[in-house]
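The lines below spell out each chain.
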Amino acid sequence: TSARIVNEKYPWMELFWFTYLFIGSFTLLSLLTGLMADAMAKARDEHDAMMASHRENRLESIEDQFRIIFERTDRNQDKMVDMEEFKLMLRTPEIKAILTECQIDIIPEEAEDIFLVLFQRREPVSWAEFNCGLKLLTRYNNQASSKDIMLLEGQVVKLDRYLAPCSRIEIIDHMRSRAYLLQERVKRL
């Protein structure tokens, strides 16, 4: 072959051929690995979208159960649930079971924060607003990436260091307990 003729005349060309084959093999292997990783990422995205759709469908199928619990939790019968009633609602075994089934992980100690994030206010909410909030919970549940979690943990550590030398013990205890709850939540993700 022509490669043997070239190698006879220029023996150092063997080094070139080995380098060429090595680089070509490495490039081909990298390309195949990238294609496989891309296909797996697409499959995971499709699976996540399907699971989110399933959670939303499941939530819609148990909407009547939520409405009954909503009305039962409404102690003052104003057809609205305030923050205290929301906290009570999250402590009932029925709600815990339903939320777990829908893959919504809520720690009862976070009820006030969740209420404020979902409804953007402290005033009572109607059934329509509550139902919309539940759908938001299912849509955006478990969408934190590893990078988000690491950034969040870094912020918690910085906050803990910042609060350590302070003299206001009550504020520190409150912030540390919230930081601890946040760390627990991050570990669950």
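The rules we used
- Residues numbered from 1 in each chain as written.
- Predicted model: local features only at pLDDT ≥ 70, side-chain atom pairs only at ≥ 80, totals over all residues.
- Heavy atoms only, no water.
- Salt bridge = Lys/Arg side-chain N within 4 Å of Asp/Glu carboxyl O.
- Helix = DSSP H or I, 4+ residues; strand = E, 2+ residues; numbered from the N terminus.
- Buried < 20%, exposed > 50% of the residue type's maximum accessible area, 1.4 Å probe, protein only.
- Phe/Tyr/Trp six-rings, centres within 6.5 Å; stacked < 30°, edge-to-face > 60°.
- Contact = heavy atoms within 4.5 Å.
- pLDDT = per-residue confidence, 0-100.
- Axes fitted to C-alpha atoms, helices over the stretch in contact; angles between N-to-C directions.
- Parallel < 35°, antiparallel > 145°, perpendicular 65-115°, else oblique.
- Left-handed = near helix turned anticlockwise from the far one by under 90°.
- Nonpolar A, V, L, I, M, F, W, Y, C, P; charged D, E, K, R; others polar.
- Core = buried A, V, L, I, M, F, W, Y, C linked by side-chain atoms within 4.5 Å.

Q: Looking at this model, I keep getting lost on the pattern of salt bridges. Mind explaining?
A: Side chains that differ in charge, positive against negative, can pair when their charged atoms come close. Applying the stated criterion to the full structure yields seven salt bridges. We note a salt bridge from aspartate 48 to arginine 44, for which the minimum N-O separation is 3.8 Å. Here aspartate 48 pairs with arginine 44, and both are found in helix H2 (residues 13–61), just four residues apart, close to one helical turn. We classify aspartate 48 as partly exposed; its relative accessible area is 33%. Here glutamate 112 makes a salt bridge to arginine 122, at a shortest N to O gap of 3.1 Å.

Q: What should I look at first to understand the packing of aromatic side chains in this one?
A: What characterises a pair of aromatic rings is the spacing of the ring centres plus the angle enclosed by the ring planes. According to the stated counting rule, one finds eight aromatic pairs in the structure shown. Summarising the aromatic geometry, the rings of phenylalanine 70 and tryptophan 127 are spaced 5.4 Å apart at their centres and angled 65° between planes, so their arrangement reads as edge-to-face. With a gap of 57 residues between them, phenylalanine 70 in helix H3 (residues 63–73) and tryptophan 127 in helix H7 (residues 127–140) connect regions that are remote in the sequence. Neither phenylalanine 70 nor tryptophan 127 differs from the other in exposure class; each is buried.

Q: What exactly am I supposed to notice about the side chain of asparagine 7 here?
A: In this fold, asparagine 7 is placed in helix H1 (residues 2–9). Among all residues touching asparagine 7, those that are not within four sequence positions of it are Met13, Glu14 and Trp17.

Q: Looking at this model, I keep getting lost on the confidence of the model for the protein chain. Mind explaining?
A: A low pLDDT score tells you not to read the predicted coordinates there in detail. Confidence in the prediction of the protein chain, expressed as mean pLDDT, is 79, and 83% of residues score 70 or more. At the low end of the mean pLDDT range in the protein chain sits helix H8 (residues 146–163), at 67; at the high end sits H2, at 89.

Q: Can you help me understand the environment of arginine 176 in this one?
A: Summarising the element assignment, arginine 176 is placed in helix H9 (residues 169–188). Taking the C-alpha atoms as reference points, arginine 176 and leucine 159, 17 residues apart in sequence, are found 8.6 Å from one another.

Q: So what exactly am I meant to see when it comes to unusual backbone geometry here?
A: Where the residue is not glycine, phi is negative for most of them; where a peptide bond is considered, it is trans in most cases. A positive phi is found at glutamine 77, a non-glycine position, where the angle reads about 55°. Within the element layout of this structure, glutamine 77 appears in the loop between H3 and strand E1 (80–81). One non-glycine residue, lysine 79, lies in positive phi territory at about 60°. Classification of lysine 79 by relative accessible area gives exposed; the value is 67%.

Q: Would you mind showing me how to read the packing of helix H4 (residues 83–91) against helix H6 (residues 111–119) here?
A: A packed helix pair is summarised by two numbers, namely the angle formed by the two axes and the spacing between the axes. H6 packs onto H4 with a crossing angle of 120° between their chain directions and a minimal axis gap of 9 Å. Considered as vectors, H4 and H6 are oriented oblique to each other. In this structure, H4 meets H6 at a crossing whose hand is right-handed. On H6, the residues touching Met83, Phe86, Lys87 and Leu90 of H4 are Ala111, Glu112, Ile114, Phe115 and Leu116.

Q: Looking at this structure, how should I read the packing of H4 against helix H5 (residues 93–101)?
A: At a minimum axis distance of 5 Å, the contact between H4 and H5 shows a crossing angle of 75°. Taken together, the axes of H4 and H5 are roughly perpendicular relative to one another. Two secondary-structure elements touch here, H4 through Met89, Leu90 and Arg91 and H5 through Pro93, Ile95, Lys96 and Leu99. Along the lines of polarity and charge, the residues of the contact of H4 with H5 split into five nonpolar, no polar and two charged.

Q: What should I look at first to understand the nonpolar core in this one?
A: Among soluble globular proteins, nonpolar side chains are generally buried collectively. Phe66, Phe86, Met89, Leu90, Ile95, Leu99 and Phe130 are the most contacted members of the largest nonpolar core, which has 24 residues in total. Counting only elements with at least two residues in this core, the list comes to H3, H4, H5, H6 and H7. With five residues, H6 is the single largest residue contributor to this core. When residues no more than four places from it in sequence are discounted, the contact partners of methionine 89 are Ile69, Phe70, Thr73, Val81, Ile95 and Phe130.

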